[in-house]
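Secondary and tertiary structure notes
Residue-level listing of the chains:
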Amino acid sequence: MDGALTGIRVIELGEGISAAFAAKLFADYDAEVIKVELPRSPCASDPTETHDAGNVAQPADVSRLGDVTRSWGPFPGDVPDPEKSGAFFFLNTNKRGLALDFTCDKGRELLLRLIAEADVLIENFSPRQMREWKLDWATLEKINPKLVMISITPFGQTGPYADWKGYDLNAFHLSATGTRYCGVPDQAPLEHGTFSAEFFGAYCAVTWGLAAVIGRDLVAQDDAENEKSGGGQHIDVSCAETVAALFVGAQNIGGYAQDGKSGTRTGVGMPLAAPATIIPCQDGYVWMMALETGQWHGLVRAMGNPDWAQLDLFDDMFERAQNSDMIYAFLYEWAAAHTKQEIMDLCQANGCPTTAVFTVAEAGEHPHLRERNYLREIAHAALGTVRTFGAPVHLTACPGGATAPAPLFGEHNAEILGVRLGLSVAEQSTLRSVGVIA
Amino acid sequence: MSKALPLQGLRVANFGWGWLGPVAGQTLGFLGAEVYKIESHARVDINRTLPPFAEGKRDFDRSLQNHAGWAGNGSVTINLKKTAGQALARELVAKCDVVLENFGPGVMDKLGLGYSELCKVRPDVILVSMPAAGLTGPLRHVRTYGMSLSSITGLDSLTGYVDGPPIPMENAYADPLGGIIGAFAALLALRFRKRTGKGQLVDLSQQEGILQMVGPAWMDYAFNGRVAKPIGNRHPLSVGAPHGVFPCVGDDRWISIAVLCEAEWHGLVAAMKSPAWATAVEFSSSQKRVANIEALHQKIAEWTRGFDNQELAALLQTHGVAAAPVLAVADLLSNPQLQARNTFMEVTHPLGFRETIYGAYVKTSRTEPRITPGPAMGCDNEHVFRSLLGRSEVDYQQLVHDEVIF
């Protein structure tokens, strides 16, 4: 194989979205990724945690197997089955699966043997949980000084929230994105409708993590304080922090720090210019956008040069915003008579950057993506043929993308334990009988 | 700590503009690469013109809205409208490992900077092209802004209140994220080059990078033909409830609360001091809470209304409930978590004024990222054209006079 990441060994201890997606990005480009799943999901929480409020915590749902996304679906026909979760499939293509109870001594020892030979460990448990399992960085760097350990959590490894429990929603709204940029004033600030902060954090994590792998030798040579350094390091990603810095912070923090001023959400795409927002059309919505004068003239042409749009005053996007009630009323009327595709085609042909608001189905089925080979069909033992997305970046010399399905629970146990770790069939059978492996 | 950074010794020519391209360069710069943004007074990047300005003085080098996103890039001014400028740019590329750009497809070719031209001066060059929808395919010339790019990914169709229309995200989430993906793409190609000695053209479609975010919703369509709609702050796969933001004391103050399993629900009920309604049959299982989520959210909102959001988050955490304050921009500099992680920092710009930018948004245990402010336009001209490219002072002054360096 000639992949960008061929030869890089990755161990993933992932629950939910962020770590699994980060490891998938490595797997997309032919790194060897072993996804290690616990026989029972801890529900991204510590099952031994006691609650001091008189209610006894109920044990985790015993029907749960492995990574919690196996129970999240979506499932074909909405029938739950840990081997048929769409989220799990999407996030875990090209990986090999090891079902191992690494919370017991024997299981942990096997995991440490894999980590000792790995280049990268990707995980998203809480720092406290990793310490309790003795899988924290201080422990692991002694076992493998070359290891790049990537930890992706809602809030990060340090700071007063380090051991707070959090999910994607909590991380996203700590970034100030919702209050600043999304939603109607006086109503709740919104997230995107997907695991927005976790995807963002995971992309940051793989970028910094891969750089650490590429630069490992350079860093090792130069680490004067530590002669035993293998150049490995701990990459600490807070999903909240990445979004707070790169998105909201980028365009607000300089001005806020200097002038003490900041804007807030309006429910309109760009309130100071027009047209620049999502408006309804015959069969859905379009992102109506005409800013520069040439774009506005393009929109006017696309609409067939109506009389109302001929005012010279309207050549300026700020003047148009001053008259946005009138402008939008006419645009709503025009858009209502056309489909999103008609509007997009007419506008784009006339130099106006308006686009259709595609549904997920329209986006994924678009001929553009088919021509670019972005949609992949992959056979899976329980699901049959599954249509999933390809790699996020097309490398012309080594394209990457999903070629193998997500692993069944423990699908590669025999191969990993037998071939990689050299355990005999009898030893594996003993481990299975005491529940260390599935 | 190591003094060396992971990407030390790597040189990057960044033709990227706006927000996305500079973030790609910034990321490689923070990690140790030497990055030069190529820009010009012949066509000043629109992001340099955005208010507010440092000390209120309108100037291309003082846009505070622009500076955090561009920090980490250096800057050289080359006028690409002149053929001599294009030749000079190729000279610089010959000394670079990676070239970044986010023009539309074909623009680099027209500038004499297409992949085949660059290979002539640097056979193992890595060119990362980052147009909206990639270099090939029927939508390759689609015109979008970063803010509306997400409309062609399906992402916008998921954003909004339940049963309502899509609500636009009022800034371009896809821009900084696309920049990060661009840096990742460059690193993938570098790893390939390290192994094979070969450079390559990377065809990065912003659309395809962002589409990954709707993967879970896509699977529901692929399996069941169901087309997702706006879901408010609910769990994207309806796994648990409550899952939303709830009002607290103060103007536009909210707390986020997410409950995905029984232990967390019991923690929440305990924190609320076990009100009678919480034992009602319609809230007695995760499935039932999801089915009755609106009624459940109303009950919880009545309770949260009386609390300060920071204090309530801390209280809920002691009960094992995932909760956090919903911040506003004005909270970013005072929030204890972001403060503890030095998310934002004050720096001195090369022109002498103080400004606040973000620093290393990812923390690394062995290397200290290199955070540099700016750049001022052309701040690296002397170094690049005189030292790196070896132009004589006379040559250099002539290029400035001819507005090639401009």
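Residues numbered from 1 in each chain as written. Chains lettered and ligands numbered in written order. Predicted model: local features only at pLDDT ≥ 70, side-chain atom pairs only at ≥ 80, totals over all residues. Heavy atoms only, no water.

Let us now look at helix H12 (residues 293-304) of chain B. All names here are of chain B. Look at H12: 16 Å from first C-alpha to last across 12 residues, which is about the 16 Å you get at 1.5 Å a residue. Considered for burial, the residues of H12 that qualify are Ile293, Leu296, His297, Ile300, Ala301, Trp303 and Thr304. End-on, the buried residues of H12 take up no more than an arc of 155 degrees, which puts them together on one face. Seen from the open side of H12, the exposed residues pointing more than 90 degrees away from its buried face are Gln298 and Glu302. For H12, the elements touching its buried residues are strand E7 (243-247), strand E8 (254-258), helix H10 (262-271), helix H11 (286-291) and helix H13 (309-318). (Helix = DSSP H or I, 4+ residues; strand = E, 2+ residues; numbered from the N terminus. Expected span 1.5 Å × (residues − 1). Buried < 20%, exposed > 50% of the residue type's maximum accessible area, 1.4 Å probe, protein only. Arc of directions from axis to C-beta. Contact = heavy atoms within 4.5 Å.)

This part is about the environment of Lys288 of chain B. Residues and elements named next belong to chain B. Here Lys288 shows up in helix H11. Spatially, the C-alpha atom of Lys288 lies 9.4 Å from that of Gly240, the residues being 48 residues apart in sequence. If sequence neighbours within four positions are ignored, Lys288 has contacts with Val281 and Glu282.

Two side chains carrying opposite charge are able to pair once their charged atoms lie near each other. Inspection of every chain in the model, using the stated rule, returns 46 salt bridges over all chains. One salt bridge connects Asp2 of chain A with Arg195 of chain B, and the closest N-O pair in it is separated by 3.5 Å. With one member in each of two chains, Asp2 of chain A in the segment before strand E1 (9-13) and Arg195 of chain B in helix H7 (residues 174-196) form a pair that bridges those chains. One salt bridge connects Glu117 of chain B with Lys120 of chain B, and the closest N-O pair in it is separated by 2.9 Å. With Glu117 of chain B and Lys120 of chain B both in helix H5 (residues 115-121) and 3 residues apart, the pair spans about one turn of that helix. Its relative accessible area of 63% is what places Lys120 of chain B among the exposed residues. (Salt bridge = Lys/Arg side-chain N within 4 Å of Asp/Glu carboxyl O.)

The residue after Ala274 of chain A, namely Pro275 of chain A, is reached through a cis peptide bond having omega -5 degrees. Position of Pro275 of chain A relative to the elements: it lies in the loop between helix H10 (239-259) and strand E7 (276-281). In this chain, Gly374 of chain B is followed by Pro375 of chain B through a cis amide linkage whose omega measures 5 degrees. Inspection of the secondary structure assignment puts Pro375 of chain B in the loop between strand E12 (363-364) and helix H15 (381-388). The phi dihedral of Asn94 of chain A is positive, around 65 degrees, even though this residue is not glycine. With respect to the helices, strands and loops of the structure, Asn94 of chain A is situated in the loop between helix H2 (86-92) and strand E3 (96-99). Backbone geometry places Glu403 of chain B, a non-glycine residue, at a positive phi of 55 degrees. Relative to the helices and strands, Glu403 of chain B resides in the segment after helix H16 (393-401).

What follows deals with the packing of helix H1 (residues 20-30) of chain B against H7 of chain B. Residues and elements named next belong to chain B. Packing of H1 against H7 brings their axes to within 7 Å, and their N-to-C directions diverge by 45 degrees. Viewed along their axes, H1 and H7 adopt a mutual orientation that is oblique. Judged by the sense of rotation from one axis to the other, the crossing of H1 with H7 is right-handed. Contact residues: Leu20, Val23, Ala24, Thr27 and Leu28 in H1; Ala174, Asp175, Pro176, Gly178, Gly179, Ile180, Gly182, Ala183, Ala186 and Leu187 in H7. (Axes fitted to C-alpha atoms, helices over the stretch in contact; angles between N-to-C directions. Parallel < 35°, antiparallel > 145°, perpendicular 65-115°, else oblique. Left-handed = near helix turned anticlockwise from the far one by under 90°.)

A separate point is the interface of chain B and chain A. Between chain B and chain A, the residue contacts involve 161 residues of the former and 173 residues of the latter. For the pairing of chain B and chain A, the buried interface totals around 14,400 Å² over both sides, and the portion due to carbon and sulfur atoms is 65%. Taken together, the links from chain B to chain A amount to 10 salt bridges. Counting across the interface, chain B meets chain A through 74 residue pairs in polar contact (both at pLDDT 80 or more). When residues of the side of chain B that touches chain A are assigned to their parent elements, the largest contribution, 15 residues, is made by H7 of chain B. When the residues that make up the side of chain B that touches chain A are grouped by side-chain class, the tally is 94 nonpolar, 48 polar and 19 charged. As paired elements, strand E12 (residues 394-395) of chain A and strand E6 (residues 200-203) of chain B share 2 bridges and run antiparallel to each other. Along E6 of chain B, the bridge assignment pairs His394 of chain A with Asp203 of chain B. (Buried area = accessible area lost by both parts, 1.4 Å probe. Polar contact = N/O pair within 3.5 Å; in protein donor to acceptor, adjacent residues only side chain to side chain. Nonpolar A, V, L, I, M, F, W, Y, C, P; charged D, E, K, R; others polar. Pairing = 2+ DSSP bridges.)

Domains assigned within chain A are domain 1 (9-245 + 373-433) and domain 2 (276-357). Computed over C-alpha atoms, the centres of domain 1 of chain A and domain 2 of chain A are 44 Å apart. (Domains from an automatic or database assignment.)

Residues and elements named next belong to chain A. Here helix H8 (residues 196-214) crosses H10 at 85 degrees, and the two axes come no closer than 8 Å. The orientation of H8 with respect to H10, classified from their angle, is roughly perpendicular. Residues Ala197, Glu198, Phe200, Gly201 and Cys204 of H8 form the contact with H10, whose own contacting residues are Cys239, Thr242, Val243 and Leu246. Residues of the contact of H8 with H10, tallied by class, amount to 6 nonpolar, 2 polar and 1 charged.

Moving on, we come to the sheet that holds E7 of chain A. In sheet architecture, strand pairing relies on hydrogen bonds along the backbone and comes in two forms, parallel and antiparallel. Residue and element names in this part refer to chain A. Spatially, E7-E8-E9 is the arrangement adopted by the 3 strands of the open sheet, whose pairing is antiparallel. Of all the strands in the sheet, just E7 and strand E9 (355-356) have a single pairing partner and so form its edges. Bridge count for E7 against strand E8 (residues 284-289) is 6 bridges, and the pairing is antiparallel. Residue pairing in the sheet places Cys281 in a bridge with Gly284 of E8. Across the sheet, helix H13 (residues 324-336) lies against E7 and E8, angled at about 40 degrees from E7, the strand it touches most. With respect to the sheet, helix H14 (residues 340-349) is in contact with E7, E8 and E9, its orientation differing from that of E8 by roughly 20 degrees.

A word on the packing of aromatic side chains. For the structure shown, the criterion picks out 27 aromatic pairs over all chains. On the basis of an interplanar angle of 90 degrees and a centroid distance of 6.2 Å, the ring pair of Phe155 of chain A and Trp164 of chain A is categorised as edge-to-face. Pair check on accessibility: Phe155 of chain A and Trp164 of chain A agree, each one buried. One aromatic cluster is present, built from ring pairs that chain together Phe172, Tyr181, Phe200 and Phe247 of chain A together with Trp19 and Tyr173 of chain B. Stacked on the ring of Phe90 of chain A, the Lys or Arg Lys24 of chain A has its end atom at 5.2 Å from the ring centre. Positioned above the aromatic ring of Phe88 of chain A, the side-chain terminus of Arg70 of chain A is 3.9 Å from the ring centre. (Phe/Tyr/Trp six-rings, centres within 6.5 Å; stacked < 30°, edge-to-face > 60°. Lys NZ or Arg CZ within 6 Å of the ring centre and 35° of its normal.)

In this section: the domain arrangement of chain B. We note that the domain assignment places domain 1 (11-204 + 340-401) and domain 2 (243-247 + 253-327) within chain B. Here domain 1 of chain B and domain 2 of chain B have C-alpha centroids that lie 43 Å from each other.

Okay, the state of the cysteines next. Residues and elements named next belong to chain B. Across all of its chains, the model carries 0 disulfides over all chains by this definition. Here Cys119 is not cross-linked by a disulfide; its sulfur's nearest cysteine counterpart is in Cys96, at 14 Å. Looking at Cys119, the relative accessible area reads 19%, which means it is buried. (Disulfide = S-S within 2.5 Å.)

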